[in-house]
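The chain contents come next:
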Amino acid sequence: MKKNVFCRAVYFGLNALAMLPALISAFSLISAGVYLAVEALLGYLFIRRGGENAPAAEDLPLLLFFDVPLYAGLHYELLISRFTSEFPLNVNRIVLFLIFAAAFGIAGLKLKKRVLKWISVLLLGLGGFASMRMSALFQLVLYAAFVCMWMAVSIISERLNPNKAARNNWLGAILTVFFTAAVLCEGEAVFYLGGEWRAVLSFAGGLLSTPWKALLFTVGIALCALLMCSFDPWEAGIDARLLLTFASLAALSAFAGRRFFVYSLPVVGAAVVLSITALAGFASGKSRRWYFPVLLALSCMLVLTLLYDGLWLTLLAIAVSAAIFRRLSRKNEFYKESSSFWMLIPICGFAVSLSWLCFKRLSTPGILVLILITAVTLAALWVLGRPHPAGIWAGNRYRVAICAAFAVLCAATLCRGGFSADTQYTDYKVSVEVGCRDGDAVLDSISYTWTDAFGLDESAEHLYLNRERTSSANLSWQNTRLVIRATDSLGVSTRIVVWRPFPLDEYLYSWL
Amino acid sequence: MKENVNNDLSGAASAPRGITGVPTGRLSDVGRAVRRLLETSGREIFADREKLPATLRALGLSEVEVYRLCLLSSVSGFEELIDTEEPATQMELDRYAANAAETGLGRDVIMDMMAELTCAAGSAVCVSQLSALPDREQADVPAFVIPWRVYADDLRAVKAAFNKWRDGGAPLPKEMLDQLWPLVNAGIAEAQYYLGYILLHTDDGADGPEEDTRKKGVELLTMAADAGNGPAASALGDYYYFKGGSENWGLAYDYYTGFAAPVLGERQRLAMVDIFNHRRFNGILLRVSAVFLAVLLISVLWAPGAPVFSVMPAAGIAALVLGAALLALGVIRQRKFPFDNLYYVPTGMFLIWAVYMFLRLVF
């Protein structure tokens, strides 16, 4: 089997699998027939006629386009029952109609293809926005997600093959007309049809509901991507990269979903935009490293973890360190010839560790040990970096060993001492149980502070002083974030952050 | 190339003593004087240190020739050289040539004098032309000596071409190698140096000479250097210096400070400075390692962060013992192998300290 045909078959199979929950939720003989018929047609168009020399990513808009009639066809009963012979003209529909008419009018002015494409996308977005009730957040999110996906696959497709722009514009226009007609005729039906996507999303959510399931899913998709490039990621084409990006974003979404809080959506959104930009760049012929989406997903996970714990300074230190190293690494062979590069590692490590220590586990002994570790490491690296009179360069293996030992020591310093908090939330309450991590320490004081998402708007602290090894409290949620500070008899001040659970499902589905 | 050498010495092997290689009639004044002396006084006269100069002067030799003969007669192995009864072996001749270097006479003088002496005594074959050079590996080949004058012109031509090639990058003439091989086979150190140098600096591999060529080059240079050729010793010093590493720098040091000492150029002198500085730098590394050991000691005694992190004195003592052992090992190693790379000592010292601190932080 040719490589491109295999890639197309994988994408086709994944798409068919993704639509399977929709078939199951609205199963009937006719819907099964519709499913098979559309999939067969799509298989013919996408795999058979797609061309052996063209990557699958070129025709992904086709795949997405066919999902809309397939989904509508599966729910034909709902559409029939909702469509009525009445055609009530109200103000909203007239405004919507005028918007579409104006948009099509502009589109007919023979503007550049790029402008047409954006107008097509805009129409799609405007249509969705205007047609949905403002209270139906789920439909809006669904619609926005569809528009984003359409934009992404269109951009990638056209970057790969500019000749596909006309076809994509046509498909976009057909979708817009289809959607406009449906909304103008019977907006309620479209509204309810969107609601039926819950079944698909529930299935997807189930796939990522536990860490091991998410891991299995991600690994499975990543394996498909590796198969596409014959297990040589350095030679990966756009298809394999796209799938790897999807796997990385799925892993990131699963990670973000485990501890959803206010920064989750922006971070995941930024990751999606960056991933699509990277893919589009690669499709345009720019050199991109294959592991970029993996690195991006891991970075975003780190960012989410740090933001959850309110470690802004640590995040800043890591960002500055990464920027410095990135800048230095651009200089050819810098790390081989300069001891400054190696000296920077403990300096940056010290900055990151200190910021973490100050926020999470502040203690004078901890800071003292951290300073000592950094100083001795710097001294060792300085000795190795001293210019040898005969120009002999100490092997990098010595420096790597020293930096690895430094990292281990820093981690050991950060993990030692303090308290751990076990938190459980109910609807409006949170129960906190603070316990010793070390054997000898006892609690000196505990404070509970309520803040908003940005750490501001602090409410009065409630201090409980005792000399117990454990302490528990049952508190009512007073704000978005609860900061628990516990100081033990050894002087270690531990800070733990708990976010009020964000009921995303409630927001999404509450007004259906 | 052995095919360039005429090994037809069957006649020479069975020839009457005294009629080999160089005809008797072509002996120089020195040769004739020695022959006469041997015929009249026997070889015992050479052992008589008081009578010998006067006797030689009486035979009409110049003061320089008398001085040289007196010097050479005091070299170990001279007895075998002038033994008229028993022919000398090649090994005895080679050994004598090597021993004669201690007189301070040039190799050309030594070889010329040896040729005259052996020819006069009939103890060895005196090769009159390189094309008649015997193959040393062949059985029943008599010992032979090649006078300097036999190959002096060839060697001069080779030297000129070699210098042009080395200094200006001029191509090596093909006939030069043809000239060199017989000289190399004859065991002439200078020729061995030229050929060894050429082989070592040739570019027949992807990156420098191929392994076999390089080995042959080093072998020839080593032979030449062992025979007292200064430039060969210098070239070998360069080779081992640039090869790097403890053992190689040791060899480079030996060659630079041996026969190469009088002919060291600017680059070689800088290399020597590097070698000396490396030894000095190793001393600094050891001193810094001692400082690290002190830091370890302070960490054990002071135990920073003791309220939160455990002290673990036993682990501290073990780390101190290990650190001291490593330092002692470094010192011993540096004495035995002064050009060794000692970066592992401070690194190891740091790692021992890190392990001790890790135990403190974790347990």
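Considering the overall build of chain A
Part 1: Scanning chain A for helices and strands turns up 19 helices and 8 strands.
Part 2: The buried share of chain A, reckoned over its 512 residues, is 47%.
Part 3: Carbon together with sulfur atoms contributes 67% to the accessible area of chain A, which is approximately 25,800 Å² in total.

A word on the pattern of salt bridges
Part 1: Overall, the coordinates contain 12 salt bridges over all chains when judged by the stated rule.
Part 2: For Lys216(B), the salt bridge is made with Glu219(B), and the minimal N-O distance between the two is 3.9 Å. Note that Lys216(B) and Glu219(B) are positioned in helix H11 (residues 211-226) at a spacing of 3 residues, about one turn of the helix.
Part 3: Residue classification places Lys216(B) among the partly exposed positions, given a relative accessible area of 31%.
Part 4: Through salt bridges that share partners, Arg8(A), Asp59(A), Lys164(A) and Arg167(A) make up one connected network.

Notes on the packing of helix H3 (residues 51-58) of chain B against helix H4 (residues 63-73) of chain B
All names here are of chain B.
Part 1: One way to put it is that H3 packs onto H4 with a least axis distance of 10 Å and a crossing angle of 140°. Taken together, the axis directions place H3 and H4 in an arrangement best described as oblique. The element H3 and its partner H4 pack so that their crossing is right-handed. Side by side, H3 and H4 meet where Leu-52, Pro-53, Leu-56 and Arg-57 of the first sit next to Glu-63, Val-66, Leu-69, Cys-70 and Ser-73 of the second.

A few points about the domain arrangement of chain A
Residue and element names in this part refer to chain A.
Part 1: In terms of domain boundaries, chain A breaks down into domain 1 (3-207), domain 2 (228-308), domain 3 (322-416) and domain 4 (419-509).
Part 2: Between domain 1 and domain 2, roughly 1,200 Å² of surface is buried when both sides are summed, and carbon and sulfur atoms account for 72% of that area.
Part 3: Between domain 1 and domain 2 we count 0 salt bridges in total.
Part 4: For the pair domain 1 and domain 2, the number of links is 6 residue pairs in polar contact (both at pLDDT 80 or more).
Part 5: At the level of secondary structure, the elements contributing two or more residues to the side of domain 1 that touches domain 2 comprise helix H1 (3-25) and helix H7 (137-160).
Part 6: With 7 residues, the top contributor of residues to the side of domain 1 that touches domain 2 is H1.
Part 7: Partitioning the side of domain 1 that touches domain 2 into residue classes produces 13 nonpolar, 1 polar and 2 charged.

Quick word on the nonpolar core
Part 1: Core analysis: the biggest nonpolar cluster contains 88 residues, and Phe46(B), Met114(B) and Tyr193(B) have the highest contact counts within it.
Part 2: Per-element tally for this core: the top contributor is helix H7 (residues 107-121) of chain B, with 10 residues.
Part 3: Mapping this core onto the domain boundaries places at least three of its residues in each of domain 1 (2-129 + 142-146) and domain 2 (150-264) of chain B.
Part 4: Those residues in contact with Tyr193(B) that sit more than four places away from it in its chain are Phe162(B), Arg166(B), Leu221(B), Ala224(B), Asn229(B), Pro231(B), Ala232(B) and Ala235(B).
Part 5: Formed by 79 residues, the second largest nonpolar core is a distinct cluster that contains Trp342(A), Phe292(B), Tyr343(B) and Ala354(B).

Section: the environment of Val498(A)
Part 1: Inspection of the secondary structure assignment puts Val498(A) in strand S8 (residues 493-499).
Part 2: Among all residues touching Val498(A), those that are not within four sequence positions of it are Tyr308(A), Thr423(A), Tyr425(A), Trp477(A), Thr480(A), Arg481(A), Leu482(A) and Ile484(A).

Let's talk about the domain arrangement of chain B
In many reports, interface size means the accessible area that the parts give up when they come together.
Residues and elements named next belong to chain B.
Part 1: By domain assignment, chain B separates into domain 1 (2-129 + 142-146), domain 2 (150-264) and domain 3 (275-362).
Part 2: Taking the mean C-alpha position of each, domain 2 and domain 3 sit 45 Å from one another.
Part 3: With 8 residues of domain 2 in contact, the opposing surface of domain 3 contributes 7 residues.
Part 4: When domain 2 packs against domain 3, the two sides together hide about 590 Å² of surface, and 79% of this comes from carbon and sulfur.

Remarks on the packing of helix H14 (residues 312-329) of chain A against helix H16 (residues 339-360) of chain A
All names here are of chain A.
Part 1: Axis separation between H14 and H16 bottoms out at 8 Å; the angle between their running directions is 170°. With respect to their mutual orientation, H14 and H16 come out roughly antiparallel. In this structure, H14 uses Leu-313, Thr-314, Ala-317, Ile-318, Ser-321, Ile-324, Phe-325 and Leu-328 to contact H16, whose residues at the interface are Phe-341, Leu-344, Ile-345, Cys-348, Ala-351, Val-352, Ser-355, Trp-356 and Phe-359.
Part 2: Considered class by class, the residues forming the contact of H14 with H16 number 14 nonpolar, 3 polar and no charged.

Overview of the interface of chain A and chain B
Part 1: Residue-level contacts link 30 residues of chain A with 33 residues of chain B.
Part 2: Around 2,800 Å² of area is buried between chain A and chain B when both sides are counted, 81% of it from carbon and sulfur atoms.
Part 3: Joining chain A to chain B, the criterion identifies 0 residue pairs in polar contact (both at pLDDT 80 or more).
Part 4: When residues of the side of chain A that touches chain B are traced back to their parent elements, those giving at least two are helix H17 (364-385) and helix H18 (396-415) of chain A.
Part 5: Per-element accounting of the side of chain A that touches chain B gives the leading share, 12 residues, to H17(A).
Part 6: Taken together, the residues of the side of chain A that touches chain B break down into 24 nonpolar, 4 polar and 2 charged.

A few points about the environment of Gln192(B)
Residues and elements named next belong to chain B.
Part 1: Inspection of the secondary structure assignment puts Gln-192 in helix H10 (residues 189-200).
Part 2: Residue classification places Gln-192 among the buried residues on the basis of a relative accessible area of 3%.
Part 3: Once the C-alpha coordinates of Gln-192 and Leu-180 are considered, the two residues, 12 residues apart in sequence, prove to be 8.1 Å apart.
Part 4: Every residue in contact with Gln-192, bar those within four places of it in the chain, is listed here: Val-184, Gly-187, Leu-220, Leu-221, Met-223 and Ala-224.

A closer look at unusual backbone geometry
Residues and elements named next belong to chain B.
Part 1: Phi at Ala-303 is positive, roughly 50°, even though this residue is not glycine.
Part 2: With respect to the helices and strands, Ala-303 occurs in the loop between helix H14 (266-302) and helix H15 (313-336).
Part 3: The class of Ala-303 is buried, set by a relative accessible area of 5%.
Part 4: Even without being glycine, Met-312 reaches a positive phi, approximately 50°.
Part 5: Within the element layout of this structure, Met-312 appears in the loop between H14 and H15.
Part 6: Given a relative accessible area of 26%, Met-312 falls into the partly exposed group.

Some points on the state of the cysteines
Part 1: The full count for this structure, using the stated rule, is 0 disulfides over all chains.
Part 2: Here Cys410(A) stays unpaired: no disulfide links it, and the sulfur of Cys403(A), its closest cysteine neighbor, is 10 Å away.

Some thoughts on H14(A)
Residues and elements named next belong to chain A.
Part 1: The end-to-end C-alpha separation of H14 is 25 Å, in line with the 26 Å expected for 18 residues at 1.5 Å each.
Part 2: Listed in full, the buried residues belonging to H14 are Thr-314, Leu-315, Ala-317, Ser-321, Phe-325 and Leu-328. Taken down its axis, H14 places every buried residue within 160° of arc, on the same side. Summarising the geometry of H14, the exposed residues directed more than 90 degrees from the buried face are Leu-316, Arg-326 and Arg-327.

Quick word on the environment of Tyr398(A)
Part 1: Within the secondary structure, Tyr398(A) sits in helix H18.
Part 2: Tyr398(A) sits in the buried class, given a relative accessible area of 14%.
Part 3: Excluding anything up to four places from it in sequence, Tyr398(A) contacts Leu384(A), Tyr343(B), Tyr344(B) and Thr347(B).

Some thoughts on helix H2 (residues 29-48) of chain A
Residues and elements named next belong to chain A.
Part 1: For H2, which comprises 20 residues, the first-to-last C-alpha distance of 27 Å matches the rise-based estimate of 28 Å (1.5 Å per residue) to within 8%.
Part 2: Among the residues making up H2, those that are buried are Ser-31, Ala-32, Tyr-35, Val-38, Glu-39, Leu-42, Gly-43 and Phe-46. The buried residues of H2 all sit within an arc of 145° when viewed along its axis, so they share a single face. Projecting away from the buried face of H2 at angles above 90 degrees are the exposed residues Leu-29, Ile-30, Leu-36 and Arg-48.

Comments concerning the side chain of Asn168(A)
Residue and element names in this part refer to chain A.
Part 1: Looking at the element boundaries, Asn-168 is found in helix H8 (residues 164-195).
Part 2: Of the polar contacts made by the side chain of Asn-168, one reaches the side chain of Glu-158; its length is 3.2 Å.
Part 3: Setting aside its immediate chain neighbours within four residues, Asn-168 contacts Pro-61, Trp-150, Ser-154, Ser-157 and Glu-158.

The rules we used
Residues numbered from 1 in each chain as written. Chains lettered and ligands numbered in written order. Predicted model: local features only at pLDDT ≥ 70, side-chain atom pairs only at ≥ 80, totals over all residues. Heavy atoms only, no water. Helix = DSSP H or I, 4+ residues; strand = E, 2+ residues; numbered from the N terminus. Buried < 20%, exposed > 50% of the residue type's maximum accessible area, 1.4 Å probe, protein only. Areas by Shrake-Rupley, 256 points an atom, 1.4 Å probe, with all protein chains shown as cover. Salt bridge = Lys/Arg side-chain N within 4 Å of Asp/Glu carboxyl O. Axes fitted to C-alpha atoms, helices over the stretch in contact; angles between N-to-C directions. Parallel < 35°, antiparallel > 145°, perpendicular 65-115°, else oblique. Left-handed = near helix turned anticlockwise from the far one by under 90°. Contact = heavy atoms within 4.5 Å. Domains from an automatic or database assignment. Buried area = accessible area lost by both parts, 1.4 Å probe. Polar contact = N/O pair within 3.5 Å; in protein donor to acceptor, adjacent residues only side chain to side chain. Nonpolar A, V, L, I, M, F, W, Y, C, P; charged D, E, K, R; others polar. Core = buried A, V, L, I, M, F, W, Y, C linked by side-chain atoms within 4.5 Å. Disulfide = S-S within 2.5 Å. Expected span 1.5 Å × (residues − 1). Arc of directions from axis to C-beta.

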